[in-house]
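For reference, the chains in residue letters:
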Number of protein chains: 2
Amino acid sequence: MAIRYPNGRSYVGREPNKKPNRQKELTYSNRGMTLEEDLNETNLYYLEKAIAVIHKKPTPVQIVQVDYPKRSAAVIKEAYFKQASTTDYNGVYRGRYIDFEAKETKNKTSFPLSNFHAHQIEHMRQVLKQDGIAFVILRFSLTDEIYLLDALHLLYFYNQKDETRKSIRKSDIEKIGHSIKIGYHPRIDYLHIVDAVYFSDKL
Amino acid sequence: MAIRYPNGRSYVGREPNKKPNRQKELTYSNRGMTLEEDLNETNLYYLEKAIAVIHKKPTPVQIVQVDYPKRSAAVIKEAYFKQASTTDYNGVYRGRYIDFEAKETKNKTSFPLSNFHAHQIEHMRQVLKQDGIAFVILRFSLTDEIYLLDALHLLYFYNQKDETRKSIRKSDIEKIGHSIKIGYHPRIDYLHIVDAVYFSDKL
């Protein structure tokens, strides 16, 4: 029951959402958008502007049982998630093959290597061997900082993975990665960085 | 009930599967392998030999309900097939982006354009604009003939699609497409054709 106060208005607590709103204007962290949603929006922007053709791959699913009801769509009644054998995003930009994985962490000072599966690491190694462009997009979600890190560097750190090396220090990512500014439209303009890192000799 | 004949053996009809077996040795059509299985085998061959990194994309599925039973894997209990917004296969070969769709028909003299969705056609157009390599692999399953047809040619025929144009004549495919020989390992060596069609000036 709402308590009525002398001014005749119900008590609704403090002015709703004031603080979150103010923060919303300052950073992106409270928008409730995931890295995946931001990248999908960005890729759609690239597609519509004919800048690049980059899509997220569908989630791999092992389908076990499908029902075919009369006069309606087939329904998958039993299926299981499969581990992906590749990274999540790929496509073509300026004639080159682009391939990347996007991950976020709530850690403040390092990025855990456990975010990457051996299959994905192996896939990136294979792509580099075919002269494709491969990288990861890393987001520190608490501070909403985003970096592009070339797959070669990721492979370097991953190969050291053992009892002592379980993550990449943020200070290392700041040094050898490339900060991606968060924008409005597109939200994560990573191709701006790709231009500088992979096409600068061709400009 | 099996009828026993004077020689004491049950009648089992004519010598089982004699004719199909003979055909099996002559052509691939009775192996029971689909075009998709053959291409997956081929792509695995390319991957293992470090020739190219080309994967089939997972089937896109809209997941509605997932159960998380204790101590076992998550089970998808309700999901629906979604229409793909891209072609099925893509990857990287010799630094270039490769993108294709594979389709088969039981028609003998033409390839129905209804095999291709508007989304896929639009995707191929976008890939060509980014200087990617895009084509279709077409199989006439009754004769087990396979052709590579550049996406530009497919777009040309698709743009004519109307009341009169519903398919591509096989004679046209023979003229402007490129026949792919069926082999043992890999089964459909389409990169051999890609070399000739897209890289010949670079050789």
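Everything numeric here is computed off the predicted structure, so don't read it as measured data.

Cut-offs used in this document
- Residues numbered from 1 in each chain as written.
- Chains lettered and ligands numbered in written order.
- Predicted model: local features only at pLDDT ≥ 70, side-chain atom pairs only at ≥ 80, totals over all residues.
- Heavy atoms only, no water.
- UniProt positions renumbered as here; feature names shortened; annotations may be inferred.
- Helix = DSSP H or I, 4+ residues; strand = E, 2+ residues; numbered from the N terminus.
- Buried < 20%, exposed > 50% of the residue type's maximum accessible area, 1.4 Å probe, protein only.
- Contact = heavy atoms within 4.5 Å.
- Salt bridge = Lys/Arg side-chain N within 4 Å of Asp/Glu carboxyl O.
- Least-squares fit on C-alpha atoms with pLDDT ≥ 70 in both.
- Arc of directions from axis to C-beta.
- 1 Å grid on protein atoms, 1.4 Å probe; cavity = no way out; pocket = protein on both sides within 12 Å on 5 of 7 lines; lining within 4 Å.
- Pairing = 2+ DSSP bridges.
- Axes fitted to C-alpha atoms, helices over the stretch in contact; angles between N-to-C directions.
- Polar contact = N/O pair within 3.5 Å; in protein donor to acceptor, adjacent residues only side chain to side chain.
- Buried area = accessible area lost by both parts, 1.4 Å probe.
- Nonpolar A, V, L, I, M, F, W, Y, C, P; charged D, E, K, R; others polar.
- Parallel < 35°, antiparallel > 145°, perpendicular 65-115°, else oblique.
- Left-handed = near helix turned anticlockwise from the far one by under 90°.

## Details of the UniProt feature "site: Transition state stabilizer" (unreviewed entry) in chain A
Residue and element names in this part refer to chain A.
1) Next: Taking the UniProt record as the reference, the feature "site: Transition state stabilizer" (unreviewed entry) is found at Lys103.
2) Next: Its place among the elements puts Lys103 in strand β5 (residues 96–105).
3) Next: Among the residues examined, Lys103 registers a relative accessible area of 19% and is labelled buried.
4) Next: For Lys103, the residues in contact, after removing those within four places along its chain, are Leu35, Phe111, Asn115, Phe116, Gln120, Ile137, Leu138 and Arg139.

## With respect to the pattern of salt bridges
Residue and element names in this part refer to chain A.
1) Next: Taken as a whole and judged by the stated rule, the model has 22 salt bridges over all chains.
2) Next: Between Asp88 and Lys56 there is a salt bridge, with the nearest N and O atoms lying 3.9 Å from each other. Here Lys56 lies in strand β1 (residues 53–56) and Asp88 lies in the loop between β3 (75–81) and β4 (89–93), a separation of 32 residues in the sequence.
3) Next: Among the ionic contacts, a cluster of salt bridges with common partners joins Glu104, Arg139 and Asp144.

## Brief notes about the relation of the copies chain B and chain A
In this arrangement, two copies of a chain are superimposed by a rotation about an axis accompanied by a shift along the axis.
1) Next: Between chain B and chain A, the superposition needs a rotation of 180° and an axial shift of 0.0 Å, giving an RMSD of 0.0 Å. The operation mapping one copy onto its partner corresponds to a two-fold rotation axis.
2) Next: Most of the interface of chain B is mirrored in chain A: 100% of its interface residues are interface residues there too.

## Regarding helix α4 (residues 151–159) of chain A
Residue and element names in this part refer to chain A.
1) Next: What α4 keeps buried is the set Ala151, Leu154, Leu155, Phe157 and Tyr158. Around the axis of α4, the buried residues are gathered within 165° of arc, so they sit on the same side. Looking at α4, the residues exposed on the side facing more than 90 degrees away from the buried face are Leu152 and Asn159.
2) Next: Of the surrounding elements, those touching the buried residues of α4 are α3 (118–129), β7 (133–140), β8 (145–150), β9 (167–169) and α5 (170–176).

## A closer look at the UniProt feature "binding site: Mg(2+)" (unreviewed entry) in chain A
Residue and element names in this part refer to chain A.
1) Next: The feature "binding site: Mg(2+)" (unreviewed entry), as given by UniProt, occupies Thr86, Asp88, Glu101 and Gln120 in the numbering adopted here. For the annotated residues, spread through 35 residues, the largest C-alpha to C-alpha distance comes to 9.0 Å, consistent with a single compact locus. Of the annotated positions mentioned, Thr86, Asp88, Glu101 and Gln120 line the largest pocket.
2) Next: Relative to the elements of secondary structure, Thr86 occurs in the loop between β3 and β4.

## Some details on the sheet that holds strand β2 (residues 61–67) of chain A
1) Next: Strand order in the open sheet formed by four strands is β2(A)-β3(A)-β3(B)-β2(B), with antiparallel pairing between adjacent strands. The strands lining the two open edges of the sheet, one partner per strand, are β2 of chain A together with β2 (61–67) of chain B. Mean inter-strand twist for the sheet, computed between neighbouring axes without regard to direction, equals 30°.

## What to know about the side chain of B:Thr105
1) Next: Within the secondary structure, B:Thr105 sits in strand β5 (residues 96–105).
2) Next: A distance of 3.1 Å separates a polar atom in the side chain of B:Thr105 from the backbone nitrogen of B:Asn107.

## Focus on the environment of B:Tyr93
1) Next: With respect to the secondary-structure elements, B:Tyr93 resides in strand β4 (residues 89–93).
2) Next: As a C-alpha pair, B:Tyr93 and B:Ile51 span 42 residues in sequence and 7.2 Å in three-dimensional space.

## Some points on the interface of chain B and chain A
1) Next: Each side of the interface is counted separately: chain B has 38 residues, and chain A has 38 residues.
2) Next: Roughly 3,000 Å² is buried in total at the junction of chain B and chain A, and carbon and sulfur atoms are behind 66% of that figure.
3) Next: If you look at where chain B meets chain A, you find zero salt bridges.
4) Next: Within the residue set of the side of chain B that touches chain A, elements represented by two or more residues are β1 (53–56), β2, β3 (75–81), β4, β5 and α3 (118–129) of chain B.
5) Next: Take the side of chain B that touches chain A: its biggest share by element is seven residues, from β3(B).
6) Next: Taken together, the residues of the side of chain B that touches chain A break down into 20 nonpolar, eleven polar and seven charged.
7) Next: Two strands pair when backbone bridges link them, and β3(A) and β3(B) are joined in this way by three bridges, in the antiparallel orientation. The residue of β3(B) that forms the bridge with A:Ile76 is B:Ala79.

## Examining the packing of α3(A) against α4(A)
Residue and element names in this part refer to chain A.
1) Next: With their axes 10 Å apart at the nearest point, α3 and α4 run at an angle of 135° to one another. As the angle between them shows, α3 and α4 are arranged oblique. For the pair α3 and α4, the crossing hand works out as left-handed. Mapping the contact onto sequence places Ala118, Ile121, Met124, Arg125 and Leu128 in α3 and Ala151, Leu152, Leu154, Leu155 and Tyr158 in α4.
2) Next: Tallied by class, residues from the contact of α3 with α4 come to nine nonpolar, no polar and one charged.

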